Amino acid sequence: MSQAVKEKSIYADAFREFAAARAGEPAWVERLREGAFERFEELGFPTTDEEDWKYTNVAPIARKAFMPAAPDQVEVVGVETFVSAEARRSRLVFVNGVYSPEHSAREAIPSKVLVEELGAALTGEHGEVLWNHLGRLSGEGDDAFDALNTAFLGSGALIRVPAGVVVEAPVQLLFLTAPGETESATFPRVLVVAERDSRLDLIETYAAVDDSEYFTDAVVEVFVGEGAGVTHYKVQDEAGGAYHVASTRAEVSKDAVYDLTTVTLGARLSRHDIEVVLTSPGASCHVDGLYLVGDGQHTDTHSLIDHREPNGASRQNYKGILDGKSRAVFNGRVYVHAGAHGTDAQQSNKNLLLSTDARVDTKPQLEIYNDDVKCAHGATVGQLEEEELFYLLSRGLHRDLARNLLTYGFAEEIVKKIKFDSIRAQLDEAILNRLHARLEA
Amino acid sequence: MLEIRDLHATVDGKEILRGINLSIKKGEIHAIMGPNGSGKSTLAKILAGHPAYEVTQGEVLFEGRNLLELEPDERAREGVFLAFQYPVEVPGVSNAQFLRLAYNEKRKHLGEEELDPLEFKDLLAERAKVVEMDAGLMSRSVNEGFSGGEKKRNEILQMAVLEPKLAVLDETDSGLDIDALRIVSEGVNKLRTPENAVVLVTHYQRLLNYIIPDQVHVLYKGRIVRTGGKELALELEEKGYDWIKEAAAGA
Ligand SMILES: Nc1ncnc2c1ncn2[C@@H]1O[C@H](COP(=O)(O)OP(=O)(O)OP(=O)(O)O)[C@@H](O)[C@H]1O
Ligand SMILES: [Mg+2]
């Protein structure tokens with residue numbers, strides 16, 4: 001009991017302070033935050049008694065009581081190294097949760113397309129888009145982290161692509177943590193509205209300049225309009241001491257396609273909740289990901305694909321590579337409603353364990369309420385194939401290189417679908433760095 | 001070049017090789033024949049260092065060194081090559097990348113400069129001609145979805161790239177069509193030098209029309225029960241193995 005009381009109070013002062021500082025914003029935003037904070041106070045941080053949090057203990061986040069980062073501009077060098085080359089002229093950069101106009105660029109974004117920093121959007125002329133969408137996918141749920149994010153909502157981005165517009169350059173949102181804001185929390189919030197028949201590529205990146213300890217609580221809502229297509233990459237490469245909890249919630253309309261690929265490399269503890277609702281006939285989604293974790297890392301992915309209407313298709317392909325004493329959790333739920341005839345849902349989660357100390361808990365969950373569906377799922381946990389290893393050795397490859405190459409081969413299926421070289425290169429390097437670590441060890 | 005003396009080996013406690021003696025000099029070609037299950041592939045894999053087999057007795061010297069104490073990758077870099085009877089598929093690893101890494105490992109070992117992907121591409125194109133390998137197979141994953149014959153050709157391509165001192169070809173002829181057999185055989189002949197040696201494991205005399213062996217050995221129940229010239233292969237083709245088996249039983 002005393003635990004719950006303590007949790008309820010840790011953000012109270014910070015919230016009042018934050019709310020006061022954002023006084024000029026519309027009343028509905030204020031109410032949204034108030035409601036969310038009340039909900040957070042009721043819910044508290046989840047505990048491992050809850051089914052959805054059985055394997056992931058967030059007690060350290062509560063214990064460390066990360067407070068919101070100060071809203072100051074922080075000088076940081078080397079931002080360019082975190083920018084995807086393809087998005088050099090179409091990016092918003094945030095440093096310790098604060099929008100950095102200096103490092104952002106919009107030249108490649110068509111003028112009709114709205115890519116705005118959230119703080120400005122809240123007080124600007126686009127109130128209606130926000131009012132219509134913000135919090136609609138993450139508002140009412142019982143997710144404490146979503147609620148906490150909404151309570152401290154203010155930093156992030158609003159992206160709106162008008163009907164029929166194709167955005168050629170990918171838009172990158174870079175959330176960077178720099179020294180000076182260690183032991184603090186940021187609450188990135190993103191709203192994407194892709195209207196009918198529009199096209200958008202989004203790159204959502206979390207990175208850190210040094211190896212500090214902090215907490216990121218992010219929420220991304222994506223609305224994919226009729227016939228529209230959104231390709232979304234989330235690259236989580238937080239500092240080794242970071243806690244990263246995020247949700248990605250998408251609503252996909254008639255004949256629209258949402259294609260999400262997540263790359264999980266960093267953070268001590270990361271949790272990603274993905275919820276894709278196929279709201280209309282013919283909607284489809286791809287939800288793919290790769291997690292690559294090493295000693296001391298814990299990563300948890302929970303996905304829910306919600307087939308509500310006929311003839312929807314979903315493809316989920318998650319692969320995990322675990323080294324050292326690391327742990328991964330994958331829980332993939334597919335829910336097919338009674339009316340969703342002709343649903344075609346596939347899910348796969350494959351894991352490669354490179355050490356005997358690594359552990360994976362993977363659980364596919366299919367809930368199907370009609371007969372006219374095609375559903376397939378599978379999960380595996382395995383080691384490198386001895387025969388494959390011997391084959392490579394027999395051609396003279398050193399053992400480390402051979403293992404590394406096989407590991408790369410395992411990941412390749414996910415890597416090859418990434419259409420931006422910069423992200424692929426980052427992944428190649430992540431896998432390679434692991435090799436160097438091994439060779440030196 | 002290679003000296004095998006009284007080699008005994010087991011797998012899962014079962015004795016498969018029961019005293020093999022074999023001496024191969026550089027420049028020579030040896031053929032090993034014998035009924036199914038007699039231990040030919042076992043011998044080949046032991047030379048390459050497969051971890052599933054345990055050598056319980058005897059020794060193997062390669063250029064005067066104890067081969068058995070080397071790791072499989074060290075053996076390869078020293079110049080031992082096994083063309084697998086069943087080449088392994090390696091998903092997600094491109095054939096060209098694999099070949100370049102293997103080639104560069106050998107260069108490094110010899111203290112030579114590594115080749116970058118562009119330089120290697122030229123070398124690969126030239127070596128691929130030796131086995132008339134389709135360029136499309138280079139960008140695909142190693143052996144994945146290759147036809148049986150393509151896999152065998154790929155083995156010889158690897159041999160052409162790595163230029164081993166001792167190549168052990170385990171039934172490389174099985175599964176090749178008539179033209180491919182000729183191409184692959186000619187390829188192996190082109191790769192011959194007075195400095196290297198080849199061991200051909202085969203069931204068919206036909207291969208030996210193309211690649212003329214200096215010696216033919218018959219392996220039966222884990223022992224070499226007969227050794228002869230290339231005529232021995234013809235004799236086997238004609239008479240089968242029964243007479244060999246009987247002789248072995250009588251011995
Ligand atoms: N890993 C293994 N586990 C169990 N038995 C094995 C293993 N490898 C080989 N053997 C057994 O050893 C014996 C010799 O096998 P090997 O593959 O060496 O024969 P081979 O002469 O190459 O036959 P083939 O002509 O059919 O290729 C066989 O009885 C086989 O079943
Ligand atoms: Mg065999």
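Residues numbered from 1 in each chain as written. Chains lettered and ligands numbered in written order. Predicted model: local features only at pLDDT ≥ 70, side-chain atom pairs only at ≥ 80, totals over all residues. Heavy atoms only, no water.

Trainee: Looking at this model, I keep getting lost on the overall build of chain A. Mind explaining?
Mentor: The helix and strand tally for chain A stands at ten helices and 21 strands. Dimensions of chain A, computed from the C-alpha atoms along their principal axes, are close to 70 × 55 × 50 Å. A buried classification covers 60% of the 441 residues belonging to chain A. For chain A, the proportion of contacts with a sequence separation of at least 24, taken over those separated by at least 6, is 84%. Summed over its atoms, the accessible surface of chain A is roughly 17,100 Å², and 48% of this surface lies on carbon and sulfur atoms. (Helix = DSSP H or I, 4+ residues; strand = E, 2+ residues; numbered from the N terminus. Buried < 20%, exposed > 50% of the residue type's maximum accessible area, 1.4 Å probe, protein only. Contact = heavy atoms within 4.5 Å. Areas by Shrake-Rupley, 256 points an atom, 1.4 Å probe, with all protein chains shown as cover.)

Trainee: Hey, could you run me through the sheet that holds strand S2 (residues 14–24) of chain B in this one?
Mentor: Each strand in a sheet pairs with its neighbour through backbone hydrogen bonds, running either in the same direction (parallel) or in the opposite one (antiparallel). Residues and elements named next belong to chain B. On the basis of which strands lie adjacent, the open sheet formed by four strands has the order S2-S1-S4-S5 and antiparallel pairing. Both edges of this open sheet fall to S2 and strand S5 (65–66), since each of them pairs with a single strand only. In the sheet, strand S1 (residues 2–11) pairs with strand S4 (residues 53–62) via eight bridges, with the strands oriented antiparallel. Among the inter-strand pairings, Val11 is bridged to a residue of S4, identified as Tyr53. Here helix H1 (residues 40–48) sits on the sheet and contacts S1, S2 and S4; the angle it forms with S1, its principal contact strand, is near 110°. (Pairing = 2+ DSSP bridges. Axes fitted to C-alpha atoms, helices over the stretch in contact; angles between N-to-C directions.)

Trainee: Can you walk me through the confidence of the model for chain A in this structure?
Mentor: Low-pLDDT portions of the prediction should not be read for the details of their coordinates. Residue and element names in this part refer to chain A. In this model, chain A carries an average pLDDT of 92, and 95% of its residues clear a pLDDT of 70 or more. Here residues 1–7 scores under 50 on pLDDT; set against residues more than four positions off or in separate chains, the count is four contacts. Across residues 436–441, confidence stays below pLDDT 50; counting only partners more than four residues off in sequence or on other chains, it has five contacts. (pLDDT = per-residue confidence, 0-100.)

Trainee: Help me understand the packing of helix H3 (residues 27–43) of chain A against helix H7 (residues 144–151) of chain A, please; the structure alone is not making it clear to me.
Mentor: The axes of two packed helices give the description: the angle between them and the distance between them. All names here are of chain A. Taken N-terminus to C-terminus, the directions of H3 and H7 make an angle of 145°; their axes are 7 Å apart at the nearest point. Considering only the axes of H3 and H7, their crossing is left-handed. For the pair H3 and H7, the contacting residues are Leu32, Arg33, Ala36, Phe37, Arg39, Phe40 and Leu43 in the first and Ala144, Ala147, Leu148, Thr150 and Ala151 in the second. Residue composition of the contact of H3 with H7, by class: nine nonpolar, one polar and two charged. (Left-handed = near helix turned anticlockwise from the far one by under 90°. Nonpolar A, V, L, I, M, F, W, Y, C, P; charged D, E, K, R; others polar.)

Trainee: Help me understand the site of ligand 1, please; the structure alone is not making it clear to me.
Mentor: All names here are of chain B. Looking at ligand 1, there are 16 residues lining it, with Gly37, Lys40, Ser41, Thr42 and His203 nearest. Between ligand 1 and the protein, one listed contact pairs an oxygen atom with a side-chain N or O atom of Gln85 at 3.1 Å. His203 places a polar side-chain atom, nitrogen or oxygen, 2.9 Å from an oxygen atom of ligand 1. Notes on ligand 1: free accessible area 640 Å², of which the protein chains cover 67%. Broken down by secondary-structure element, the contributors of at least two residues to the shell around ligand 1 are S2 and H1. The element contributing the most residues to the shell around ligand 1 is H1, with three residues. In terms of residue class, the shell around ligand 1 is made up of four nonpolar, eight polar and four charged. (Near = heavy atom within 4 Å. Polar contact = N/O pair within 3.5 Å; in protein donor to acceptor, adjacent residues only side chain to side chain.)

Trainee: Teacher, can you tell me more about the coordination of the magnesium ion (ligand 2) here?
Mentor: A four-donor tetrahedral metal ideally has 109.5 degree angles, and a six-donor octahedral metal ideally has angles of 90 or 180 degrees. Residue and element names in this part refer to chain B. For the magnesium ion (ligand 2), the protein coordination sphere consists of Ser41 (OG) and Gln85 (OE1), at 2.0 to 2.1 Å. Highlighted residues: Ser41 in helix H1 and Gln85 in the loop between strand S6 (80–83) and strand S7 (90–94), separated in sequence by 44 residues. Owing to a relative accessible area of 18%, Gln85 belongs among the buried residues under this scheme. (Donors = N, O, S within 2.8 Å, 3.2 Å for Na, K, Ca; no water.)

Trainee: Even after reading the chapter, I still don't get the nonpolar core, so can you show me in this structure?
Mentor: Nonpolar side chains in soluble globular proteins generally cluster together in the buried interior. Ranked by internal contacts, the top residues of the largest apolar core, which has 115 residues, are Leu392(A), Leu397(A), Ile4(B), Leu157(B), Val161(B) and Leu169(B). Taken domain by domain, this core gets at least three of its residues from each of domain 1 (2–280) and domain 2 (385–441) of chain A. Beyond its immediate chain neighbours, meaning those up to four positions away, Val161(B) contacts Leu99(B), Tyr103(B), Phe120(B), Leu123(B), Leu124(B) and Arg127(B). Core analysis: the second largest hydrophobic core is formed by 48 residues, Tyr99(A), Val161(A), Val171(A) and Leu322(A) among them. (Core = buried A, V, L, I, M, F, W, Y, C linked by side-chain atoms within 4.5 Å. Domains from an automatic or database assignment.)

Trainee: Got a minute to help me understand the environment of Leu169(B) in this structure?
Mentor: Along the polypeptide, Leu169(B) turns up in strand S9 (residues 166–170). Aside from chain neighbours lying at most four places away, what touches Leu169(B) is Ala83(B), Ile156(B), Met159(B), Val188(B), Val198(B), Val199(B), Leu200(B) and Val201(B).

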